[in-house]
Amino acid sequence: LSHGSGGRAMAQLIHDLFVRHFDNDYLRAQNDGACFPLPAGTGRMVMATDSHVVSPLFFPGGDIGCLSVHGTINDVAMAGGKPLYLAAGFILEEGFPLADLQRIVVSMAEAAREADVPIVTGDTKVVEQGKGDGVFITTTGIGVVPDGILLDPRRIQPGDRILVSGYLGDHGVAIMSLRENLSFDTAIKSDTAAIHGLAADMLAAVPGLRALRDPTRGGLAAVLNEFASAAGCGIVIREKAVPVRDEVAAACELLGLDPLYVANEGKLVAVCPAEDAEHLLDVMRSHPQGRDAAIIGEAIVDPNGFVQMETTFGGRRMVDWLTGEQLPRIC
Amino acid sequence: MIRRRLRVTGIVQGVGFRPFTHRLAHALQLSGWVRNDASGVTIEVQGDAPALDAFAARLRTDAPSSAQIDTLEVEPCERLGDGAGFQILDSEAGGTQRATIGPDLCICPACLAELFDPANRRYRYAFINCTDCGPRYTIAARLPYDRANTSMARFAQCPACLAEYRAPGDRRFHAEPNACPSCGPRLGFFRAADDGKALPVSPTVDPVAEALAHLRRGDVVAIKGLGGFHLACDARNASAVEKLRTRKNREEKPLAVMVANLASLSEFAAFGATEAAALNDVARPIVLLPKRGDTDARLPGVAPGLGWLGAMLPYTPLQYLLFHEAAGRPSGTDWLAEPQPLTLVMTSANPHGEPLITDDDEALERLRGIADAWLLHDREILIRCDDSVVRPLAGQATPQFLRRARGYTPRAIPLAAAASRHDVLALGGFFKNTLCLTRGDQAFLSQHIGDLDRVANCRALEAAVDHLTGLLQVKPEALAHDLHPDFFSTRLALQLAERWQVPALGVQHHHAHIAAVLAEHKRDAPVLGLALDGVGFGTDGQPWGGELLRVDGAQFERLGHLRPLPMLGGDRAAREPWRMGAAALALLGRQDEITTRFAKEPGAAAVAQMLRGHAPTTTSMGRWFDAAAGLLGIQPRMSFEGQAAMRLEGLAQAVGPLRLAAPLHRIDTVAGRMQLDLSPALAELSEMADVKQAAALFHAALIYALADWVGAAAESQGIRTVVCAGGCFLNAILALGLRSALQHRGLTMLEAQAAPPGDGGLALGQAWVARRMIEQPGAWKNPGF
Ligand SMILES: [Fe+3]
Ligand SMILES: [Mg+2]
Ligand SMILES: [Zn+2]
Ligand SMILES: [Zn+2]
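Residues numbered from 1 in each chain as written. Chains lettered and ligands numbered in written order. Predicted model: local features only at pLDDT ≥ 70, side-chain atom pairs only at ≥ 80, totals over all residues. Heavy atoms only, no water.

> Summarise the coordination of the zinc ion (ligand 4); cite the residues concerned and give the values.
Residues and elements named next belong to chain B. With distances of 2.2 to 2.3 Å, the protein atoms coordinating the zinc ion (ligand 4) are Cys158 (SG), Cys161 (SG), Cys180 (SG) and Cys183 (SG). One way to put it: the four donor atoms around the zinc ion (ligand 4) meet at angles of 104 to 118°, and that makes the site tetrahedral. Residue class for Cys183 comes out buried when judged on its relative accessible area of 11%. (Donors = N, O, S within 2.8 Å, 3.2 Å for Na, K, Ca; no water. Tetrahedral: all angles 85-135°; square planar, octahedral: opposite > 155°, others 65-115°. Buried < 20%, exposed > 50% of the residue type's maximum accessible area, 1.4 Å probe, protein only.)

> I'd like a rundown of the pairing of strand 10 (residues 229-234) of chain B, residues and numbers included.
Residues and elements named next belong to chain B. The buried fraction of strand 10 amounts to six of the six residues, a majority that puts the element mostly inside the structure. Here four bridges tie strand 9 (residues 221-224) to strand 10, and the two strands are oriented antiparallel to one another. Note that in strand 10 the partner of Val221 across the bridge is Ala232. Where strand 9 hands over to strand 10, the hairpin turn is made up of four residues, counted between the paired strands. Pairing analysis gives five bridges linking strand 10 to strand 14 (residues 343-348), with the strands arranged antiparallel. Across the sheet, His230 pairs through a bridge with Ser348, a residue of strand 14. (Helix = DSSP H or I, 4+ residues; strand = E, 2+ residues; numbered from the N terminus. Pairing = 2+ DSSP bridges.)

> Please give an account of the coordination of the zinc ion (ligand 3) that cites residues and values.
Residues and elements named next belong to chain B. Only Cys108 (SG), Cys111 (SG), Cys130 (SG) and Cys133 (SG) from the protein coordinate the zinc ion (ligand 3), and they sit 2.3 Å from it. Read in sequence order, the donor residues for the zinc ion (ligand 3) give the motif C-x2-C-x18-C-x2-C. Of the two residues, Cys111 is situated in helix 3 (residues 109-115) and Cys130 in the loop between helix 3 and helix 4 (159-166); the sequence distance between them amounts to 19 residues. Exposure class is identical for Cys111 and Cys130. Each is buried.

> Tell me about the packing of helix 6 (residues 196-205) of chain A against helix 9 (residues 277-285) of chain A, and name the residues and values.
All names here are of chain A. At their nearest, the axes of helix 6 and helix 9 sit 9 Å apart, and the two run at 150° to each other. Relative to helix 9, the element helix 6 is oriented roughly antiparallel. For the element pair helix 6 and helix 9, the recorded crossing hand is right-handed. In contact with Leu198, Asp201, Met202 and Ala205 of helix 6, helix 9 contributes His279, Leu280, Val283 and Met284. When grouped by side-chain class, the residues that make up the contact of helix 6 with helix 9 number six nonpolar, one polar and one charged. (Axes fitted to C-alpha atoms, helices over the stretch in contact; angles between N-to-C directions. Parallel < 35°, antiparallel > 145°, perpendicular 65-115°, else oblique. Left-handed = near helix turned anticlockwise from the far one by under 90°. Contact = heavy atoms within 4.5 Å. Nonpolar A, V, L, I, M, F, W, Y, C, P; charged D, E, K, R; others polar.)

> Describe the interface of chain B and chain A, listing the residues and the values that go with them.
Taken together, the 42 residues of chain B in the interface contact 28 residues of chain A. Taking both partners together, chain B and chain A bury about 3,100 Å²; carbon and sulfur atoms supply 56% of that area. When residues of chain B are sorted by the area they lose upon contact with chain A, Asp486(B), Arg491(B) and Met610(B) head the list and together hold 19% of the total. Where chain B touches chain A, the interface holds three salt bridges. The closest approach of N and O atoms between Arg491(B) and Asp320(A), which form a salt bridge, is 3.0 Å. Put simply, chain B and chain A have ten residue pairs in polar contact (both at pLDDT 80 or more) between them. Secondary-structure elements contributing two or more residues to the side of chain B that touches chain A are helix 12 (455-472), helix 13 (488-500), helix 14 (509-521), strand 24 (527-537), helix 15 (571-575) and helix 18 (604-612) of chain B. A breakdown of the residues in the side of chain B that touches chain A according to their chemical character gives 16 nonpolar, ten polar and 16 charged. (Buried area = accessible area lost by both parts, 1.4 Å probe. Salt bridge = Lys/Arg side-chain N within 4 Å of Asp/Glu carboxyl O. Polar contact = N/O pair within 3.5 Å; in protein donor to acceptor, adjacent residues only side chain to side chain.)

> Please provide a residue-by-residue account of the sheet that holds strand 6 (residues 135-145) of chain A, values included.
Residue and element names in this part refer to chain A. With mixed pairing, the four strands of this open sheet are ordered in space as 1-6-4-5. This sheet does not close on itself; its edge strands, each paired only once, are strand 1 (44-52) and strand 5 (119-127). Taken over all neighbouring pairs, the strand axes of this sheet differ in orientation by 15° on average, direction set aside. Of the strand pairs in this sheet, strand 1 and strand 6 are connected by nine bridges, and their pairing is antiparallel. The residue bridging Val46 from the neighbouring strand is Gly143, located in strand 6.

And the structure:
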C-alpha cells in the first residue's frame with residue numbers, strides 16, 4: 001500500500017474491496033453515511049465503539065478482522081442490546097501488504113455475516129510508514145435494548161450468583177504463546193466469537209439479570225473488581241468452579257500468567273439473583289456458546305469491596321485489580 | 001522539706017512500676033503518691049532535696065527490668081502538710097496519651113516456683129502471673145492498662161486474689177491479670193471425632209495430662225498460647241511431624257521446636273552465652289541456632305537440609321505444665337535444670353498463610369482435619385501476636401530480629417532525637433507485612449501481619465492501623481508506602497491519605513530497606529547502601545533487587561546494580577529456580593544446554609524457546625541465588641520464599657569458608673552505573689559435581705565480588721559506611737563474610753538488628769524516609785499514581 005499522490009487510486013481500490021466483501025445495500029448506496037430504519041416499538045438504543053490493535057494480526061482461532069467485529073457486537077450485547085449495524089474505520093500503515101488486508105476484510109465480512117450484523121459504513125486512512133502498526137481497526141456498533149432490560153452492576157446484591165459462559169483465558173494465552181513462539185501438544189485457539197445470541201437467550205430467560213460483561217482485557221479479575229466497586233459489595237469465587245482448560249492452565253504456568261487476568265474474546269460474565277441461577281445456567285448450557293458455563297461464586301456483604309477466591313488448597317486469596325501488566329511482587 | 005512532681009512516660013504500666021516506686025519512696029523516707037494515667041505514671045514526692053534527687057536518679061537505674069522509661073520530667077510543686085506516708089492512688093483517665101502497654105512476658109522464677117509447689121494455692125494453675133510476668137499487650141483492649149480494659153475484666157477476683165492485688169508490698173499488687181484456680185480462667189480440652197469435628201472432653205479429665213497423652217501418641221494438638229494458637233506434635237516422632245506437614249498442606253517450611261530448658265537443647269544445637277541469653281530472654285523468642293551434625297536424624301523432618309534450627313523455651317505456665325507432666329509432676333523446680341526429653345514442634349496455627357488463630361471457636365472450626373485435639377482456655381486473646389524470631393549476630397551483644405512480634409511489640413524502636421519529629425504511618429510492603437507508626441522520637445513497628453495476597457491478612461492490616469493509631473493516640477501527618485502500585489498496602493495508604501486529607505508518600509523499596517537500618521542506628525549522614533533482596537519496584541518500573549545506592553535522607557542515587565537476569569513468568573520465576581538456572585545458561589550463551597540440563601522439567605523446551613526472545617529482566621540478588629541453586633539442581637522448585645537460598649547456605653555451611661584463587665565476577669560500566677556481573681561464578685559452578693563445594697564457592701565468590709564492588713563505590717564517593725539490608729542478609733555466611741571483607745578495606749558495615757533485614761522491616765524505613773521528605777520538600781519527587 002502507498003499513500004500520497006497515488007493514494008486516491010489506492011483508496012478507491014480499498015473501498016471496492018470493502019464493498020465487494022461486506023456486500024450490502026447500504027454500502028452499495030455509496031453514501032458517506034448509512035441511513036437505516038429502526039425496528040418498530042423499541043425503547044432504547046445502544047451504541048458501542050472499540051479500537052482494535054493486536055499483535056500478531058493473525059493468530060490461531062482468528063485475526064484482527066473478525067476480532068474487531070466480535071468485540072463491538074459483544075459490547076452492544078453486554079449492554080443488553082440486539083446488535084443491528086456496524087461501522088468500521090481502518091488506519092493502514094503505508095507498505096501494509098494488500099494480501100493481508102484482503103484476508104482481514106474477508107474475515108470481517110464472514111464474521112459480520114455469521115453474526116447477522118452488517119457493516120454499513122466505513123472509512124480508510126493510510127498513514128506514513130512508522131506511524132502505524134500495520135493496521136488499526138475501529139468498529140462502532142448500534143443496537144436496540146428491549147424494554148424491561150436493565151443491566152447495571154450497581155444493582156448487584158449480596159447473595160447474587162456469578163456465572164461465566166465457558167473456559168477462560170483461551171484468547172490471551174493463544175496470543176502470548178504466539179508472541180513467545182511457543183507451541184503446545186494441543187493447540188490453544190483464541191475463543192473470539194460474537195456472543196449476542198447467547199446473551200439474548202439469557203435475557204429472554206432471566207430478564208432480571210443484574211449485569212453482563214465480556215471479560216476482555218484484564219480478564220475475569222478486572223470484571224469482578226468493576227462489579228464489586230460499582231455494587232459496593234464483595235465477591236467470592238471458588239477456584240475449583242472457574243473453568244480453565246488444562247492446556248491453558250499449563251501454558252499459564254509456563255508463562256507465569258494468572259488465568260483470571262487473561263483476556264477472553266468470546267465469553268461473558270453474568271450476575272443474577274440467587275433464585276434464577278440454576279435456570280440461567282441451564283439456558284446457557286443449552287446454547288452452543290455456553291456449553292461449559294458455570295456458577296463460579298457470589299456477591300457478599302463487604303464494605304471493602306474485596307474480590308476473593310477460595311483456593312483449591314483452602315484459604316482465601318485476594319483477587320485484586322491490577323494497574324497494568326502482572327508485575328512481579330515476590331521479594 | 002520540698003515537694004516535686006515527676007511525670008514518667010514509656011512502658012511503666014503493668015510492669016510493677018508503682019510498687020517499685022512505693023518501695024523506693026519508703027526506703028528514702030519520702031511521702032507522697034503515685035498514680036497511673038493515660039500518659040504514663042505521675043508521682044509526687046516530698047522530703048529533703050538530696051533524697052528527692054536520689055529518688056529521681058534511682059527511678060531510672062533501679063526500675064523493674066521490664067519497664068522502659070522514655071521520658072522523666074521533674075517539676076517543683078507546692079508542699080503539703082507534713083506528709084503521711086506514700087500512697088498508690090487509683091488510675092486517672094484522660095489526658096494526653098503517652099503511655100504504652102508493655103509486651104507480654106514469660107512466667108517469672110517466683111511464679112514458676114509457686115507453680116510447682118504442691119502446697120501453693122496456685123499449684124499447677126495455668127494462669128499464674130504477677131507484676132513481673134504474664135500477658136500484657138495481647139490481652140489489653142485499650143489504655144490505661146487496667147484490669148477493666150483487658151480480657152480479664154470478666155473474671156472477678158476472689159477475696160484472696162483481691163487482697164494480693166490491693167497490697168502495695170505484694171508481688172501481685174495491681175497485677176492486672178491476677179487469678180487463681182477459684183476465680184480465674186480455666187483450661188478446656190477437645191478431641192477430634194472421626195469426622196474431625198471437635199468434641200468437648202469431660203471436665204473430670206486433666207487437660208494437661210490428656211494433651212500430653214495425645215502428643216505422646218503422635219497426635220497433632222492445637223494449644224492456645226499468648227498471641228495465638230500453636231500446632232504441636234512430638235518433634236522426635238517422624239510420623240507425627242510428617243502428619244503435621246501433610247495436614248498443613250504439605251508445607252515445607254522449617255518448624256520451630258520447644259524444649260524445657262537449655263540443658264535439653266544441647267543435644268540438637270550448639271550455642272554460646274549470647275544465644276543462651278536470647279533463649280532465656282523474658283520475651284522468649286524463637287532463636288535460630290546452628291544444628292549439630294546428627295540433628296536431622298534426631299528431629300526428622302523438622303528443618304531438613306537447613307543449617308539452622310529454630311528453638312525456644314516455654315513461656316506460658318501452660319507450656320511449662322506440659323513439660324512438668326512429661327517429667328512425672330516433680331515437686332519444686334530442680335527438674336528444670338536437668339535435660340528433659342520432651343521436644344515439641346510448636347508451629348503457628350495459621351492455616352493457608354492466614355492470620356494466626358486466636359479465638360477458641362475459630363480454632364475448633366478451622367483446625368478441623370488438622371488437629372487431633374485442642375488444649376484451650378477461656379481467657380481471650382485480644383491482640384494477635386506471632387512468636388518472634390531472632391538470630392545471634394557474631395560479635396554483637398543483641399541478636400538480630402527476623403520477625404519482631406510477641407514479647408517485643410509494642411516496644412518502640414528509639415529514633416535519633418534531633419531528627420524529624422513528624423508523625424507518619426508507613427504501611428510496608430507485600431510479603432511479611434508490618435506497619436510502622438512514629439510518635440516523636442519513637443518508631444512503633446507492628447507485629448508481623450503476613451503476606452497481603454490473603455484477604456484475611458489485608459483485613460488484619462486495616463485492623464492493625466486502627467489499633468496502633470488508637471493505642472498511641474497519633475494522628476499521622478503523612479502516609480508512606482511502597483512504589484508498587486498493586487500492593488494492597490499501597491492502595492490502603494492512598495485510601496487513608498485521602499480520608500485523612502494528608503499526603504501519601506511513595507518510598508522506593510530498596511531506599512526503604514537501607515533507611516530502616518539508618519533509623520535504628522540513628523545515622524543520618526550520606527551512606528552507601530547495599531540492598532540485596534528479591535524484587536522491589538524500581539523508580540523506572542523495573543524489578544530491582546541487587547542495588548548499590550548512595551542514600552542521603554529523602555534522596556538516593558542508584559550507583560550500581562547487578563547484571564540483569566532474564567526472568568520468565570514473573571513471580572513464577574521466583575518459585576522455580578530451575579527457570580533462573582536456565583536464564584543463567586542463556587546469559588552465558590549456553591542456551592543449547594537448557595533442555596538437556598533440565599530434561600526433567602516439562603517446560604524446559606518452552607523456556608529455552610522463550611529465552612531466545614526478548615525476556616523481561618531483573619537485577620534481583622535473590623534470583624541470582626535461585627540461578628545458582630537451579631544450575632546445581634538442588635532446589636528446582638520452592639514451596640516458600642527464600643528456600644533455595646537457604647538450601648545453598650545449608651550446603652555451604654557444611655564446607656566452611658573457601659579461599660578464592662581468582663575473582664569470579666566482572667564490574668562493567670553500563671549507562672553510567674557500575675554493573676556487577678556474577679556470571680563467571682555461575683559458569684564455574686555449572687561444571688562442578690560436588691554441590692557442597694559449589695555452594696561454598698558461590699558464597700565465597702559473591703562476598704569477594706560484593707566487597708570489590710562496594711569498595712570501588714566507597715572510593716569514588718568518599719564514603720566509609722556501608723549499610724546492608726534486604727532479605728538476602730538473612731544468609732549468615734554472606735552477612736558475616738561481607739562484614740569482615742569490608743572491614744579489611746577499612747569500611748564499616750551496618751546491619752539491621754532491631755527490625756528484620758527483609759520486608760518485615762520495610763515499614764520502619766518507609767517511615768524514616770517519609771519524615772525526611774516532609775522536612776525537605778522539593779528535594780525529592782513523589783512518583784504518585
Ligand atoms: Fe524487600
Ligand atoms: Mg470491548
Ligand atoms: Zn510472676
Ligand atoms: Zn482468686
